[in-house]
Amino acid sequence: MEQVRAALVFFPLKEKVEQVQPFGQGHINETFRVTTAKQEWLLQAVNTSVFQHPEIIEAHLQLLLKHNTKLFVPHVLSKERTYHITAGGKVWRLQQFMQNTYAPDGCNDDQRKEVVKGIAAFTQSVHGLSLSDFRPTIPKFHDLSDRLLQYEKAKAADPLHRLKSAKAIVEKLDQWKGIANRFEGLVRKGLPLRIVHNDAKSTNVLLHQNDNRFAKVIDLDTAGPGYLLFDFGDLLRSMLPDVRENASVNKVNISRERAKQMQAVFLDECGNLLSPLEQETLGFGGLYMTYLMALRFFTDYLMGDIYYRVNHPNENLDRATNQCAVLEGMLEVSIG
Ligand code: GN1
Ligand code: MG
């Protein structure tokens, strides 16, 4: 906690820090809830082995926060007028802690609608910015062909000999490779690149505690160039299942009706901005993102859990198995 206090010195807080506690479920960055006399703050240490160019995130944040002062959580400018500072070898940023809001993990119909509205509001807002001002913060982040390559490499290396007990999942993952070809076909057909959130899961949208209405879109680390189906796909991936992403399950029931409702809300909110091809391929985003996450979790399991934080040795395998079950559930009811 000493490190945290040393970082806080860079931000012009008027009140004395009373308490610092670890906060949240993120897989990548470290987050702390900071209490001062009258207010609370969220301090984050950016994981710089994952985000090797925090200056790109800084530039995006400067643009986004200036462009829309309502949609995002206010961040604190450091004494150097930047949102990120370096202290003790780490990169830190500070934002307001949004009282009386929550990030839904498991949604009812109303909450689901509000989360979709939140990402639609993001889509609409960034439509007014210039794509040329945004760069990928992680190279090839949602490049499924590259994720397949990493998966193949991990299988070939198998450093912890984890592959032999994972035959069933490998069989599934191998059978869905066509999803990558289908995506490349869409890009050739003219699917437009635009600014997207690139981590549009339900826990990255805050809702108001009192009425469950949409409040803020959070976690702008990966915002940048991408395809809209990534964001809508992450909405489907995170809200169609009634189980959490790391629940150890082999079967997940998916409702086609629920997917249709989500798509209707999304199109209602921002459909006017979408090309016909974007509109037609929103559902396919569910398959694309769920497959990509299944590959990422499984690849990390094979490589010895070097990317995602795990609480037990099989957690990445559980997550991968879960995502395979979600994908199977989606295919069963012909989503995408
Ligand atoms: C990671 O750390 P968090 O929860 O914001 C990941 C996303 C995944 C998500 C799965 C930079 O996000 O791509 O969709 O886990 N972010 C990065 O829950 O890898
Ligand atoms: Mg994230």
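Every value quoted in this text rests on a predicted model; they were computed, and no experiment measured them.

Draft legend 1. Quick look at the overall build of the protein chain. For the protein chain, the helix and strand inventory stands at 11 helices and 10 strands. Projected onto the principal axes, the alpha-carbon positions of the protein chain cover approximately 55 × 50 × 40 Å. Within the protein chain, buried positions represent 54% of all 336 residues. Of the contacts made within the protein chain by residues no fewer than 6 positions apart, 71% connect residues no fewer than 24 positions apart. Total accessible area computed for the protein chain in this model is approximately 15500 Å², and 50% of it derives from carbon and sulfur atoms. Distance between charge centres in the protein chain, computed from 40 positive and 39 negative side chains, equals 1 Å.

Draft legend 2. Representation of the site of ligand 1 within the structure. For ligand 1, the set of nearby residues contains 15 residues, the closest of which are H27, K201, E245, R296 and Y307. For ligand 1, an oxygen atom lies 2.7 Å from a polar atom in the side chain of E245. Taken by itself ligand 1 offers 440 Å² of open surface, and the protein chains cover 94% of this. Counting contributing residues, the shell around ligand 1 receives three or more from each of domain 1 (2-97) and domain 2 (102-332).

Draft legend 3. Spatial organisation of the sheet that holds strand β9 (residues 214-217). As summarised here, the arrangement of the 3 strands in space is β6-β8-β9, forming an open sheet in which the pairing is antiparallel. Strand pairing shows two members of the sheet lacking a second neighbour, β6 (101-102) and β9, which therefore form its edges. Sheet analysis places β6 next to strand β8 (residues 205-208), joined by 2 bridges and oriented antiparallel. Pairing of Y102 across the sheet is with L207, part of β8. Seen against the sheet, helix α3 (residues 109-126) touches β6, β8 and β9 and runs at an angle of roughly 45 degrees to β9.

Draft legend 4. Seen up close, the domain arrangement of the protein chain. Domain annotation of the protein chain identifies domain 1 (2-97) and domain 2 (102-332). Spacing between the C-alpha centres of domain 1 and domain 2 amounts to 26 Å. Between domain 1 and domain 2, the residue contacts involve 20 residues of the former and 28 residues of the latter. Overall, the association of domain 1 and domain 2 removes approximately 2300 Å² of surface from exposure, summing both partners, and the carbon and sulfur fraction of that is 63%. Of all residues in domain 1, H27, H60 and L71 bury the most surface against domain 2, accounting for 30% of the area lost on that side. Where domain 1 touches domain 2, the interface holds 1 salt bridge. D221 is the salt-bridge partner of R93, the closest N and O atoms lying 2.9 Å from each other. Summed over the shared surface of domain 1 and domain 2, the result is 12 residue pairs in polar contact (both at pLDDT 80 or more). Partitioning the side of domain 1 that touches domain 2 into residue classes produces 11 nonpolar, 6 polar and 3 charged.

Draft legend 5. Expanded view of the coordination of the magnesium ion (ligand 2). Coordination of the magnesium ion (ligand 2) by the protein involves D199 (OD) and D219 (OD), with metal-donor separations of 2.0 Å. Of the two residues, D199 sits in the loop between β7 (194-196) and β8 while D219 sits in the loop between β9 and β10 (224-226), which places them 20 residues apart along the sequence. Taking the relative accessible area as the measure of exposure, D199 reaches 17% and is therefore buried.

Draft legend 6. Quick look at the nonpolar core. L173, I179, L229, F266, Y288, Y291 and F298 are the most contacted members of the largest nonpolar core, which totals 87 residues. Broken down by element, this core gets its largest block of residues, 14 residues, from helix α10 (residues 282-302). The two domains that each donate at least three residues to this core are domain 1 (2-97) and domain 2 (102-332). In terms of nonpolar packing, the next biggest core, distinct from the first, is built from 17 residues, L8, V34, W41 and W92 among them.

So, how was this worked out
- Throughout this document, residue positions are counted from 1 along each chain, in the order its sequence is written.
- The order in which chains are written sets their letters, starting at A; the order in which ligands are written sets their numbers, starting at 1.
- The predicted nature of this model means local features are confined to residues of pLDDT at least 70 and side-chain atom pairs, given and counted, to a pLDDT of 80 or more, with totals for whole chains, interfaces and linings taken over all residues.
- As a convention, hydrogens and water are excluded, and side-chain values are obtained from all of the structure's heavy atoms.
- By definition, any uninterrupted DSSP run of H or I lasting at least four residues is a helix, any uninterrupted run of E lasting at least two residues is a strand, and each is numbered from the N terminus.
- Only protein chains enter the calculation, and the probe is 1.4 Å; a residue is then buried if its accessible area is under 20% of its type maximum, exposed if over 50%, and partly exposed in between.
- Residue contacts are counted whenever heavy atoms from the two residues lie within 4.5 Å of one another.
- Only the protein chains shown count as covering a residue, and every accessible area follows the Shrake-Rupley method with a 1.4 Å probe.
- Positive residues here are Lys and Arg, negative ones are Asp and Glu, while His and the chain termini are left out of the count.
- Note on charges: their place is set at NZ of Lys, CZ of Arg, CG of Asp or CD of Glu.
- For this description, a residue counts as near a given molecule or strand if any of its non-hydrogen atoms is within 4 Å of it.
- A 3.5 Å cut-off defines polar contacts: any pair of N or O atoms within that distance qualifies, except that in protein one atom must be a possible hydrogen donor and the other a possible acceptor, and neighbouring residues in sequence count only when both atoms are side-chain atoms.
- How far each domain reaches was decided by an automatic or database domain assignment.
- Here a strand pair is declared whenever DSSP counts at least two bridges between the two strands.
- Orientation is described by axes fitted as lines to C-alpha atoms, over the contacting stretch for helices, and by angles from 0 to 180 degrees between their N-to-C directions.
- The term buried area means the drop in 1.4 Å probe accessible area that two parts suffer when joined, counted for both and summed.
- A pair is scored as a salt bridge if a Lys or Arg side-chain nitrogen falls within 4 Å of a carboxyl oxygen belonging to Asp or Glu.
- Polar here means any residue outside two lists: the nonpolar Ala, Val, Leu, Ile, Met, Phe, Trp, Tyr, Cys and Pro, and the charged Asp, Glu, Lys and Arg; Gly therefore counts as polar.
- Note: metal donors comprise N, O and S atoms at 2.8 Å or less from the metal (3.2 Å for Na, K and Ca); water molecules are not included, so apparent gaps in a site are possible.
- Each nonpolar core is a collection of buried residues, namely Ala, Val, Leu, Ile, Met, Phe, Trp, Tyr and Cys, held together in the definition by side-chain atoms within 4.5 Å.

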